[in-house]
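Take a look at the letters that make up each chain.
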Amino acid sequence: MSDTALAADTKPWRDTTARPFISIRNITKRFGDFTAVNDISLDIYQGELFCLLGGSGCGKSTLLRMLAGFEVPTAGQILIDGQDMAGVPADKRPTNMMFQSYALFPHMSVEKNVAYGLLREGKSRAEAYARVAEMLKLVKLEALAKRKPHQLSGGQRQRVALARSLIKQPKLLLLDEPLGALDKKLREETQFELIRIQETLGVTFIVVTHDQDEAMTLATRIGVMNEGVITQVGEPRAIYEHPKSRFVADFIGSVNLFEGQVRDPGAPVVVETPELGTMKALAREGLSAGQQVWLALRPERVSLTRTEPAASDSVNTLPGVVEDVAYMGHMSHFRVRLANGRMLRVTLSNRLHDEDPISWDEAVFASWNASAMRVLTE
Amino acid sequence: MSALTDNALWRGTARVMGRLGISGRTLVIAIPMLWLLAFFLVPFLVLGRISLAEAIIARPPYTPLWERGPDGTLHIIATLENYRFLLEDALYRNAYLSSIRIAVISTVFALLIGYPIAYYIARSPEPRRSVLLLLVILPFWTSFLLRVYAWMGFLRREGVINNTLMSLGIIDQPLVMMQTDFAVYIGIVYTYLPFMILPLYANLVKLDDALLEAAGDLGASPTVTFFTVTLPLSLPGIVAGSMLVFIPAIGEYVIPALLGGPDTLMIGRVLWDEFFSSRDWPVASAVAIVMLFLVVAPIMWLQSVQNRRELQ
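Remember, it's a predicted structure, so these values are computed and weren't measured experimentally.

Calculation notes
Residues numbered from 1 in each chain as written. Chains lettered and ligands numbered in written order. Predicted model: local features only at pLDDT ≥ 70, side-chain atom pairs only at ≥ 80, totals over all residues. Heavy atoms only, no water. Helix = DSSP H or I, 4+ residues; strand = E, 2+ residues; numbered from the N terminus. Rg over C-alpha atoms; globule rule 2.2 N^0.38 Å. Buried < 20%, exposed > 50% of the residue type's maximum accessible area, 1.4 Å probe, protein only. Contact = heavy atoms within 4.5 Å. Lys, Arg positive; Asp, Glu negative; His and termini not counted. Charge placed at Lys NZ, Arg CZ, Asp CG, Glu CD. 1 Å grid on protein atoms, 1.4 Å probe; cavity = no way out; pocket = protein on both sides within 12 Å on 5 of 7 lines; lining within 4 Å. Points joined across faces, edges and corners; volume = space filled by probe spheres on them. Nonpolar A, V, L, I, M, F, W, Y, C, P; charged D, E, K, R; others polar. Buried area = accessible area lost by both parts, 1.4 Å probe. Salt bridge = Lys/Arg side-chain N within 4 Å of Asp/Glu carboxyl O. Polar contact = N/O pair within 3.5 Å; in protein donor to acceptor, adjacent residues only side chain to side chain. Pairing = 2+ DSSP bridges. Axes fitted to C-alpha atoms, helices over the stretch in contact; angles between N-to-C directions.

Peer 1: Any chance you could break down the overall build of chain B for me, citing the residues and the numbers?
Peer 2: A count of helical and extended segments in chain B gives 14 helices and two strands. Its C-alpha radius of gyration of 26 Å places chain B more than 25% over the 20 Å reference for a compact globule of 312 residues. With the principal axes as the frame, chain B shows a C-alpha extent of 85 × 75 × 45 Å. By the burial criterion, 35% of the 312 residues in chain B qualify as buried. Across chain B, contacts joining residues at least 24 apart in sequence account for 68% of those joining residues at least 6 apart. Averaging the locations of the 21 positively and 21 negatively charged side chains of chain B gives two centres separated by 9 Å.

Peer 1: Hey, could you go over empty space enclosed by the protein for me, with residue numbers and the actual values?
Peer 2: Residues and elements named next belong to chain A. If you walk through the whole model with that rule in mind, you get one cavity of 30 Å³ or more. Its volume calculated, the largest cavity comes out at about 60 Å³. Taken together, Tyr 240, Glu 241, Pro 243, Ala 249, Val 255, Ala 296, Leu 297, Arg 298, Arg 301, Ala 372 and Arg 374 form the lining of the largest cavity. Elements that contribute at least two residues to the lining of the largest cavity include exactly helix 8 (236–241) and strand 14 (292–297). In the lining of the largest cavity, the residues fall into seven nonpolar, no polar and four charged.

Peer 1: Describe in detail the interface of chain A and chain B, supporting the description with residues and values.
Peer 2: Listed by partner, the interface residues are 21 residues for chain A and 19 residues for chain B. Summed over both partners, the interface of chain A with chain B buries about 1700 Å², with 59% contributed by carbon and sulfur atoms. A per-residue breakdown of the area chain A buries against chain B is headed by A:Asp91, A:His107 and A:Tyr116, which together make up 29% of the total. Linking chain A with chain B are one salt bridge, by the criterion used here. When the shortest N-O distance is used, the salt bridge between A:Arg65 and B:Glu213 registers 2.5 Å. Applying the counting rule to chain A against chain B returns seven residue pairs in polar contact (both at pLDDT 80 or more).

Peer 1: Requested: an account of the sheet that holds strand 6 (residues 95–98) of chain A, with residues and values cited.
Peer 2: Residue and element names in this part refer to chain A. As summarised here, the arrangement of the six strands in space is 6-7-8-3-9-10, forming an open sheet in which the pairing is mixed. The open sheet has two edge strands, strand 6 and strand 10 (229–234), and neither has a second partner. Direction aside, neighbouring strands of the sheet carry axes that sit 20 degrees apart on average. Where strand 7 (residues 172–176) and strand 8 (residues 204–209) come together, five bridges link them in parallel fashion. Among the inter-strand pairings, Leu 174 is bridged to a residue of strand 8, identified as Ile 206. Contacts between helix 5 (residues 154–166) and the sheet are confined to strand 6, strand 7 and strand 8, with strand 6 contributing the most and set at about 175 degrees to the helix.

Read these as geometric descriptors, not functional statements.
Structure, rendered in structure tokens:
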């Protein structure tokens, strides 16, 4: 099978003719003077696991609540499967939501919580509880069906909430910080559990999160939000490798940022920076000599050596002294003080056993390929 | 400086108390215990003791609990005659039943009126909520007796209501409202409504909005959400409010005396008559003790139901 055919099948957003499942068109939400969501347009496709990523107060939850029908947009239009959602109340929408606090009904058992949605549809008790039993098996809670929410652990409550939101087989599942209340280890396990369930049921997921690791692990695509607008939409790899702005570069992962001016917009781009001197960076279009730009360098793209590497047209090399080392096991984080006093963050993988690792106060050479350095214009 | 001395002072006190076997926790619990002992349990025992005596014309007007015989032996005089008398005389049975009926009906009306008010206040945004709560408590600034007299002004034959309705031509004859059970219900519901609203409000204000949204999200209309989520979760508030209305209503004396008619039979009035008109303290005490158990029994039952539910 060719790559394009595969892409059209599993990555519909790459196919320009594909029909989006959810269309968000120029949505704005204002609370008094405060604009929570500012003119957002976004298409999401069937079967996607889309992550809205941003800090607190960036408008991501408000956007999710407008999709669920809990907030009415000030302006704009939301289409789900071609149907305009204006004037459709939450209880009539083909969406279900998993709440950040889980919002389990405290007076009902696990079983009754999960059955709630089916009974509202007018399903018979026998049919509803048969489906509930199936769903509890999917989330591995069949042994706890008669328990009350307060008798469950955080992870178990999370799975009840997920089961309850999936029981009506919604076209679209909205998840508000679904893993936020879990501890780190449980969170990692649950991430893969979520992906398994999403792939089993084929439901479209929209996940709101402030945790970039979570977004990177879960998402087919990520929308990075800041101050009510989406600053970049893309696959996790594209967002990480080719951030469009300093905000995105800084928000996703860790990054070294340097200001400078373009001297030669060729390949590689040559940029004059006050802090590092002349730098070579990955070529991109639309640059002109003298333009103000920023250089982004991921810490793991830098090599540290004790001897100076051979000079090359496509390699940047700077001497420095190791100020700080944090050994994490699978990798080590370094802070290297460059000649002009500027700190450079470097991450080295501990893939190979090193008898004589670089340590504190050692003089080193930091080097990286021009292709590792991205030119940002905003 | 002052924190240091305070600390030294406190440690010294704690050491002395420790030597006496008193911890801070015991001290905190001891104060309400002593209060209840002195002002609740002791009077109750006195009442119980009087209810076992016989009425005599003397001061105090009941027989003593013990007597020394001529040979110096101690005789304890106690009789259950007063309780047997309550059982036999239909007046008391009717008064108890009528009190319970009036208290139950008043409680139901207070709930039906109070619930929407409490719900509305709990759902109001903050500045308005405080104002509304203040309005609920505001009547307490005026004497209870004055407010009952004000109702007499409304309900009288030539009162505000009759005058208004007559002048509007809605009725030809003045309605008889004073000295009826109707006036008693109005008085009790009006007086005790804040005791229904406040616990309900305290319960409803804690209700998590996300639960209501979750119910809506799962397809429940606002009405269904109310009956499946809001109402069951506010049950503790309903129980607390109902108790706070039912208990004072069952023993109410002033409202039936002022607004009720001669047919309005309530145990509070019987008690008053027994005590002050007949001067039969032992029977009055027995009436009071039986009433206490009538009130305590439903509370105990509700508590046990609640405990059982929590255990499940």
